[in-house]
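Structure assessment
These are the residues of each chain, in order.
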Amino acid sequence: MTENTFPLHNADAIVNFYRNEVLTGQEAKQFTKGDLTPVPRPEAVQTLYMRILHLLYRFRPECHSMVPLLENIQYPGYHEGATAIMSVYTRMRQFLPMCLVYDFSLNDLLAPKKQKTLVILSAIMNFLHFRKERMVLMLEKQAKFRADMDKLQTYTRGNREAEKKIEQLTTIPPEQQAEADELAAALSELQATTVHEYQEVNVKNDNIAEWKTKIAEKTQKLSQVKVDVSNLKEDITKLKSQIVESPEELKSQKEKMKEAAKKIKNSIVKTDEYVVEMQNRVQSVAHTEAELQQMNSLLQDLESSMNNTRLRQEEYQELLVQSEKMQKELKSLCSEEVQLKRALGMKLDKECKQNIRRQKKRETTEQHVQEVLGQCNQIHQKREEMADKIQAITGETRQLKAKIKSLRDVCSKETEKAQALYDTLSTSMDGLHKRIEMHITDLKLHQDV
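Remember, predicted model here, so these are calculated numbers, not experimental data. What you see as residue numbers is a count from 1 along each chain, following the sequence as written. Per-residue local features of the predicted model are confined to residues with pLDDT of at least 70, and side-chain atom pairs are confined, for both listing and counting, to 80 or more; whole-chain, interface and lining totals are unaffected and use all residues. To obtain the side-chain values, all non-hydrogen atoms of the structure were used and water was disregarded.

So, the packing of aromatic side chains
- Ring pairs shown here join Phe, Tyr and Trp side chains whose ring centres sit within 6.5 Å, with only the six-membered ring taken for Trp; geometry is labelled stacked below 30 degrees between planes, edge-to-face above 60, and tilted in between. Under the definition given, this model contains five aromatic pairs.
- Look at Tyr49 and Phe104: their rings are 6.0 Å apart centre to centre, the planes differ by 75°, and that puts the pair in the edge-to-face class. Highlighted residues: Tyr49 in helix 3 (residues 42–57) and Phe104 in the loop between helix 4 (80–95) and helix 5 (107–110), separated in sequence by 55 residues. You'll find Tyr49 and Phe104 in the same group, each marked buried.
- Arranged with centres 6.2 Å apart and planes meeting at 85°, the rings of Tyr57 and Phe95 form a pair that is edge-to-face. Taken as a pair, Tyr57 in helix 3 and Phe95 in helix 4 lie far apart in primary sequence, 38 residues in all.
- Judged by its relative accessible area of 44%, Tyr57 falls in the partly exposed class.
- Of the aromatic side chains, those joined through ring pairs into one cluster are Tyr49, Tyr89 and Phe104. Every helix listed is a DSSP run of H or I at least four residues long, and every strand listed is a run of E at least two residues long, numbered separately from the N terminus. Throughout this description, buried means an accessible area under 20% of the type-specific maximum (1.4 Å probe, protein chains only), exposed means over 50%, and partly exposed covers the range between.

Quick look at the nonpolar core
- Grouped together as the largest cluster of nonpolar side chains are 37 residues, with contacts concentrated most on Tyr18, Tyr49, Ile52, Met92, Phe95 and Ile124.
- Where this core is concerned, the elements lending two or more residues are helix 1 (11–21), helix 3, helix 4 and helix 6 (114–170).
- Here this core takes nine residues from helix 6, the largest share from any one element.
- The contact definition used throughout considers only heavy atoms, calling two residues in contact when any of these lie within 4.5 Å. Here Tyr18 is in contact with Leu23, Phe31, Leu48, Ile52, Leu121, Ile124, Met125 and Leu128, once residues within four sequence places are set aside. Only buried residues count toward a nonpolar core. Its members are Ala, Val, Leu, Ile, Met, Phe, Trp, Tyr and Cys residues joined through side-chain atoms within 4.5 Å.

Focus on helix 3
- In a helix, the anticipated span is given by 1.5 Å times the number of residues less one. In this model, helix 3 (16 residues) spans 22 Å end to end at C-alpha, consistent with the 22 Å of a helix rising 1.5 Å per residue.
- For helix 3, the complete set of buried residues consists of Ala44, Val45, Gln46, Leu48, Tyr49, Met50, Ile52, Leu53 and Leu56.

Nothing here speaks to function; it is all geometry.
Following this line, the structure appears as structure tokens:
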């Protein structure tokens, strides 16, 4: 008892707790500290244990005093006093190990001690606190379970409504089925034409890129030619400054310069023609770009329509995803519901079995009580018969006592008479003995003479 895992309380706390939580009515008012200290009263401790058993197991206090009156039991009245104490003792021996008390004995009921009873009551107090907390948690779980069931019902209703809406959105009415088929065919045709136009546009863009590269190369060549012309002009100015007076060299140089100028003019003409051709090509390219812009505008319109269709498809897919999620949640909730229903079924089966057992026990107890009452009635009848017999026997004994008294009186009188006769006979016998002795002595004396 020194290594308990529950707190030990004083007598005041124990009395207040059991008056508020266990006892009711007059028992709570009459239960005081004096019932536990300095020497506990056995009657108060026994009634308190009975009330604790009634609170925990619904075992009524009057059920402790029921004697199983069988045919083999002789004198069942002798067992009435000990059955209540033995019943409380056996049930407390079964209950107290749950409170971590393992050394409960019969003396704790018949002659309880202060410290031991306070330890046992504090252990039961700790168990009742734990039981109350568990009951609160179980009530909270039941409330949460009911709320979850309500949520599950609302979710199932919402899922049904969402499925109905999805069916309404996905199903096309028969009136608009032909239009939907026409729109689907038109969309497929538009998609095919847009793909073909995209391919043509890509080819034209590739051609434009090639022409742009060629134009860039030609412009670079033109810039290089211009640079060469400027360099030649600088060389001409330098050569003019270094002209020699010899006419032959001047003529040769002029001819060379004329040839170079003709070449440059021919190259410039060629470049101008090439530039004109390139400008024409650029104009054609601009025209094609305008056409491409128109095509792009058409494609943008198609893209906007396609985006709208994609948005609708995405919304539809989102709705499908939401419906799948809701279905998954429904499946999980259904599985939880099935588990909860199984748990409820198990609990209901256990409760039904317990109720059946309780009904059987009640029926057996009622039958037993009826049998006990019948046996008690038989016992009372036998007691009345025995009482009548005892009264008759007492009357006979009184008569016998009166006869015995009268006989004793007669006997006393006769004994007195016999005593008187005995006394007279004894005195006469003594006298005879003396005379006989005297005669004997006389005879002896005559013989001697």
